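In case you want the letters, here they are:
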Amino acid sequence: MNSLVKSAPLSDSRLTRVQYLCLFAAGVLEFLSLAVAHDITNVLLQRALLVLVVLFWAASAILLHRSHRKLPVILPFVMVLWFLVIQSIPHTDQLYLRHFGFFFGVYLLAFPYAVVTGDADGQAGLKTIAKSLSAAALVLVLQTFLLLADLVPAFVESEFELYWQGARVHLMMHPNYSARVFLIGIAFCLGFFFQASGKLRKALLLVAVALQFFALSLTNSRTVIPFACLLIGGAVFFVIFKGTPRQFLLGFITALAVTAALLLAYLGLFQWNSDRLAAVQCQSQAAEDVRAGVPSDITDPVSVPVVTLSAAPVHDSVATLAAASPAPAVVSVNSLQSEGGQHALSQDMYTLNGRTTIWRAALQGLKEDPMILIRGADSIDALIWHTGGLHLHNAWLQTLFQLGLPALIISLIFTVQAVWTGVYLLFHRKADLWKKIIAMLLLCLLVSAISEPSLFCTSGKWHFADFVFFLCLGYAVQWRKQLSGKKCAASPAP
């Protein structure tokens, strides 16, 4: 007898596993985008991310229907809908708006993951991404040591852009990108340290934190390093502070001392590397002079005349530096540190390394074209190129110029939510240290976005920071609701 065989519906556990795998794969793709410079490969990554978002919501829709739950999040869909509206408007330059896959992955997968899957207790998704990014940060540490030992093959240096940018370690397309990876890795390793049980595991995690801070110091990313110091100091504070005024005072003084010591350590490490690189370059130049039969008396890199960079744009390259001065191709410590767009802190602090100039130019462009408030800018580069910047160096301004006022309002709502949730978790006595570390990471990523367009929009290669921020925010919001007595959805772990 012939009979029709009906396929059994997917079980809830299998659908939950689909959600989990989509998150993991999306996190990997977001991170891989940093190491890929080819436009075609980036397009493929974005399309793959879009597929993962569709699969995630297909599984989520079935689970929500079975549990008779309504759609738990609305705001991310509003942001994506407005993004699509902006996409439909002809622009003269839609370079940033082409990153649709990364944008969808942040708002439709990372942020709603915790509430849709009910993973606030098990935290399988968050901890998987945390372990993956911690491992990636340690790979970058290894690359840093290979650079220090001058063991990087030439094809790796050219293909993956792994080299010294002046005195800064250049990893993952730009030092500021890798610096945020180290910040995230340090936070997650600290969180795992407080959850670890064995002494060996705790010791290894502390070593991982120290190695990442060492590599972070060599990036000289001044928009990230202070926050890493504050995050570590904050962890020390909350280890000591348990609720009494005396513990608060002791924790505050200790945290302040730790933060100051870390800042001094960073300055010392970067200066040491600058001296080392300058000495190596001087020795190399002296050896070339000897081979060429040119007398050379260069023995001390500090004594080499300093190349003046006061009139140079903030994104000076080595080639521009060489063309700007008739001096020999020998770089002093000071000029070496100036390569890659940085000068002495005393010089840069008044304009935040040219950022205030860019912001003034952007605001002037807004006055000249008020329609930016509705449709975004026709061309961001046209408004700011004369300032020497490649983007607006501010997440909220960048969002306004890319996506208009509605997107800025949504980003401000997320900002308020992140600040309120982060502060609530930090000072709630029932929040454990893992949750406090995640709260501090949220606040550090948020405040550091004042100087870089690393959140809310689709600028450059910042998608991984945006992905981590919104994933942590989604979990933190659920933890806040739990601590305040509100019910949260539960789902089986994958």
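It should be noted that the structure appears before, not after, this text.
These notes cover the structure that comes with them. Every residue gets a number counted from 1 within its own chain, in the order that chain's sequence is written. Local features in a predicted model are, by the rule used here, given only for residues with pLDDT of at least 70; side-chain atom pairs are given and counted only at 80 or more, and totals for whole chains, interfaces and linings are based on all residues. Water and hydrogen atoms were dropped before computing side-chain values, which therefore reflect all heavy atoms in the structure.

1. Here's the deal with helix α15 (residues 355–368)
Runs of H or I in DSSP of at least four residues are treated as helices and runs of E of at least two as strands, each being numbered from the N terminus. Expected span of a helix, by definition, is 1.5 Å for each gap between consecutive residues, and there is one gap fewer than residues. Taking 1.5 Å of rise per residue, the 14 residues of α15 would be expected to cover 20 Å, and the 20 Å separating its terminal C-alpha atoms lies within 8% of that figure. Every buried residue belonging to α15 is among Arg355, Thr356, Ile358, Trp359, Ala361, Ala362, Gly365 and Leu366, and all of these are buried. Here's how the labels work: a residue is buried when its accessible area is under 20% of the maximum for its type, exposed when over 50%, partly exposed in between, all with a 1.4 Å probe on protein chains only.

2. Here we look at the packing of helix α6 (residues 124–148) against helix α20 (residues 463–483)
When two helices pack together, their arrangement is given by the angle between their axes and by how far apart the axes lie. Relative orientation of the contacting elements α6 and α20 amounts to 145 degrees, with a least axis distance of 11 Å. The chirality of how α6 crosses α20 is left-handed. Across from Gly125, Leu126, Ile129 and Leu133 in α6, the residues of α20 making contact are Phe467, Val468, Leu471, Cys472, Tyr475 and Trp479. Residue type decides the class: Asp, Glu, Lys and Arg count as charged, Ala, Val, Leu, Ile, Met, Phe, Trp, Tyr, Cys and Pro as nonpolar, and the leftover types, Gly among them, as polar. Each residue belonging to the contact of α6 with α20 can be placed in one class, and the counts come to nine nonpolar, one polar and no charged. All axes are obtained by fitting lines to C-alpha atoms, using only the stretch in contact for helices, and the reported angles, taken between N-to-C directions, cover 0 to 180 degrees. Each crossing is labelled by how the near helix is turned from the far one, with a counterclockwise turn of less than a right angle marking it left-handed and a clockwise turn marking it right-handed. Throughout, a residue-residue contact means that at least one pair of heavy atoms, one from each residue, lies within 4.5 Å.

3. Comments concerning the pattern of salt bridges
Criterion for a salt bridge: a side-chain nitrogen of Lys or Arg within 4 Å of a carboxyl oxygen of Asp or Glu. Considering all chains together, one arrives at two salt bridges under this definition. Between lysine 435 and aspartate 432 there is a salt bridge; the shortest N-O distance is 3.5 Å. The exposure class of aspartate 432 is partly exposed, given its relative accessible area of 34%.

4. A few points about the packing of aromatic side chains
The criterion for an aromatic pair is that two Phe, Tyr or Trp rings (for Trp, the six-membered ring) have centres within 6.5 Å, with stacked assigned to planes under 30 degrees apart, edge-to-face to planes over 60 apart and tilted to the rest. Evaluated as defined, the whole model comprises 28 aromatic pairs. Every member of this aromatic cluster is reached through a ring pair, and the members are Phe83, Phe103, Phe104, Tyr107, Phe111, Trp396, Phe414, Phe456, Phe469 and Phe470. Two limits define a charge over a ring: the Lys NZ or Arg CZ must be within 6 Å of the ring centre, and within 35 degrees of the ring normal. The ring of phenylalanine 193 has lysine 202 lying over it, and the distance from NZ or CZ to the ring centre is 4.4 Å.

5. Digging into helix α4 (residues 100–110)
The buried fraction of α4 amounts to ten of the eleven residues, a majority that puts the element mostly inside the structure. Within α4, burial applies to Gly101, Phe102, Phe103, Phe104, Gly105, Val106, Tyr107, Leu108, Leu109 and Ala110.

6. With respect to the environment of leucine 71
Tracing the chain through its elements places leucine 71 in the loop between α2 (39–66) and α3 (75–87). Taking the C-alpha atoms as reference points, leucine 71 and valine 116, separated by 45 residues in sequence, lie 8.2 Å from one another.

7. Considerations on the nonpolar core
Counting residues in each nonpolar core, the largest one holds 138 residues, and the members touching the most others are Phe188, Leu441, Phe456, Phe469 and Phe470. Among the elements that take part in this core, helix α18 (residues 395–426) stands out by supplying 14 residues, more than any other. Buried Ala, Val, Leu, Ile, Met, Phe, Trp, Tyr and Cys residues that are joined via side-chain atoms within 4.5 Å together make up what is termed a nonpolar core.

8. Some details on a nonpolar patch on the surface
Residues Met371, Leu373, Ile374, Leu405, Ile409 and Ile413 make up a contiguous nonpolar surface patch of about 490 Å² in total accessible area. If you tally residues by element for the nonpolar patch, the top one is α18, at three residues. Assignment of secondary structure puts isoleucine 413 in helix α18. The patches described consist of residues with a relative accessible area above 30% and no salt bridge, like charges being joined within 9 Å and nonpolar side chains (Val, Leu, Ile, Met, Phe, Trp, Tyr) within 5 Å. Throughout, the Shrake-Rupley method with a 1.4 Å probe supplies accessible areas, and for residues the shown protein chains are the sole cover considered.

9. Re the packing of α18 against α20
Contact geometry for α18 and α20: axes closest at 9 Å, N-to-C directions at 55 degrees. In terms of axis orientation, α18 runs oblique to α20. The crossing of α18 and α20 is left-handed. Across the interface between the two elements, Phe414, Gln417, Ala418, Trp420, Thr421, Tyr424 and Leu425 from α18 touch Phe469, Phe470, Leu473, Ala476, Val477, Trp479, Arg480 and Leu483 from α20. Its residues assigned to classes, the contact of α18 with α20 comprises twelve nonpolar, two polar and one charged. These descriptions rest on fixed angle ranges, namely under 35 degrees for roughly parallel, over 145 for roughly antiparallel, 65 to 115 for roughly perpendicular, and the rest for oblique.

10. With respect to unusual backbone geometry
Backbone phi values are negative for most residues with the exception of glycine, while trans is the configuration of most peptide bonds. Unlike most non-glycine residues, glutamine 123 shows phi in positive territory, near 55 degrees. Locating glutamine 123 in the fold gives a position in the loop between α5 (113–117) and α6. In the Ramachandran plot, aspartate 150 falls in the positive-phi region, its phi being about 55 degrees despite a non-glycine side chain. Along the chain, aspartate 150 turns up in the loop between α6 and α7 (154–159).

11. Notes on the side chain of arginine 480
Structurally, arginine 480 can be placed in helix α20. Among buried Asp, Glu, Lys and Arg side chains, arginine 480 stands out as unpaired, with aspartate 121 the closest opposite charge at 14 Å. In contact with arginine 480, other than residues within four places in its own chain, are Trp420, Thr421, Tyr424 and Leu425. For the charge count, each Lys or Arg is scored as positive and each Asp or Glu as negative, with His and the chain ends excluded.

12. Details of the side chain of threonine 399
Tracing the backbone through its elements, the reader meets threonine 399 in helix α18. According to the relative accessible area criterion, threonine 399 is buried, its value standing at 0%. In contact with threonine 399, other than residues within four places in its own chain, are Met79, Gly404, Ala407, Leu408, Ser411, Leu455, Phe456 and Cys457.

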